[in-house]
Amino acid sequence: MKDERNPIGWTEIYVEDLVRAQKFYEDVLQITMQPAPVPQGMEAEEGSDDYFEMVFFPGNMEAPGVSGSLVKSKMFKPGSGGTMVYFSCSDCAEEISRVEAAGGQVIAGKMPIGEYGFCGICMDTEGNQIGFHSMQ
């Protein structure tokens, strides 16, 4: 039997200011994020090189699609030019309309991508490029 899962199972968005980034994503996506527990064996004192903090996006690990987290760590830095995360939306124009008020920047507003629906590209408060996708 063919595996029907999506090939990506988790995503992390790296940030400099966890509180600022969490507020941006909560405002734009109209969600509430939750503090993440530190994985066993990864405990470190704040300020040390291997210290990190995470907050989780809401998610149902049994449902299709992917969830993830925001991560603040000296080991990973935010910025454009790397992997881009697309957030699924009912109508991506709604989320894009909240980006600037939340402190981000719209790079490309809602645009058609043929039979694949619509998308738009923005920059979060940390300098990460992110996308929004919808079928309408």
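Throughout what follows, the structure given in this document is the object of discussion. (Residues numbered from 1 in each chain as written. Predicted model: local features only at pLDDT ≥ 70, side-chain atom pairs only at ≥ 80, totals over all residues. Heavy atoms only, no water.)

1. Here's the deal with the side chain of aspartate 91
Right, on to step 1. You can see aspartate 91 is positioned in the loop between strand 5 (85-88) and helix 2 (92-99).
Right, on to step 2. Not counting residues up to four positions away in its chain, the partners in contact with aspartate 91 are Lys110, Ser134 and Gln136. (Helix = DSSP H or I, 4+ residues; strand = E, 2+ residues; numbered from the N terminus. Contact = heavy atoms within 4.5 Å.)

2. Regarding the sheet that holds strand 1 (residues 11-15)
Right, on to step 1. Sheet architecture is open: four strands sit in the order 1-4-3-2, paired in mixed fashion. Here the strands that pair on one side only, and so sit at the sheet edges, are strand 1 and strand 2 (34-35).
Right, on to step 2. Taken together, the two bridges between strand 2 and strand 3 (residues 52-56) define a ladder with antiparallel strand orientation. Across the sheet, the residue bridging to proline 35 is valine 55, located in strand 3.
Right, on to step 3. Across the sheet, helix 1 (residues 18-29) lies against strand 1, strand 3 and strand 4 (68-73), angled at about 160° from strand 4, the strand it touches most. (Pairing = 2+ DSSP bridges. Axes fitted to C-alpha atoms, helices over the stretch in contact; angles between N-to-C directions.)

3. Some thoughts on helix 1
Right, on to step 1. When the terminal C-alpha atoms of helix 1 are compared, their 16 Å separation across twelve residues agrees well with the 16 Å that a helix rising 1.5 Å per residue should span.
Right, on to step 2. Taken together, the buried positions of helix 1 are occupied by Leu18, Ala21, Gln22, Phe24, Tyr25, Val28 and Leu29. Viewed along the axis of helix 1, the buried residues span an arc of 160°, placing them on a single side of the element. Turned more than 90 degrees away from the buried face of helix 1 sit Val19 and Lys23, all of them exposed.
Right, on to step 3. Put simply, aspartate 17 is the residue that caps the front of helix 1, since its side-chain oxygen is 3.2 Å from the backbone nitrogen of valine 19.
Right, on to step 4. Positioned one or two residues after helix 1, glutamine 30 has a phi angle of 55°, which is positive. (Expected span 1.5 Å × (residues − 1). Buried < 20%, exposed > 50% of the residue type's maximum accessible area, 1.4 Å probe, protein only. Arc of directions from axis to C-beta. Polar contact = N/O pair within 3.5 Å; in protein donor to acceptor, adjacent residues only side chain to side chain.)

4. Details of the pairing of strand 3
Right, on to step 1. Across five bridges, the pairing between strand 3 and strand 4 is antiparallel. In the sheet register, valine 55 faces strand 4, and the bridge partner there is leucine 70.

5. A word on the environment of isoleucine 107
Right, on to step 1. Along the polypeptide, isoleucine 107 turns up in strand 6 (residues 105-112).
Right, on to step 2. Judged by its relative accessible area of 40%, isoleucine 107 falls in the partly exposed class.
Right, on to step 3. Sequence separation of isoleucine 107 and glycine 131 is 24 residues, and the distance between their C-alpha atoms is 9.6 Å.
Right, on to step 4. Apart from residues no more than four positions distant in its own chain, isoleucine 107 is found in contact with Ile121, Cys122, Met123 and Gln129.

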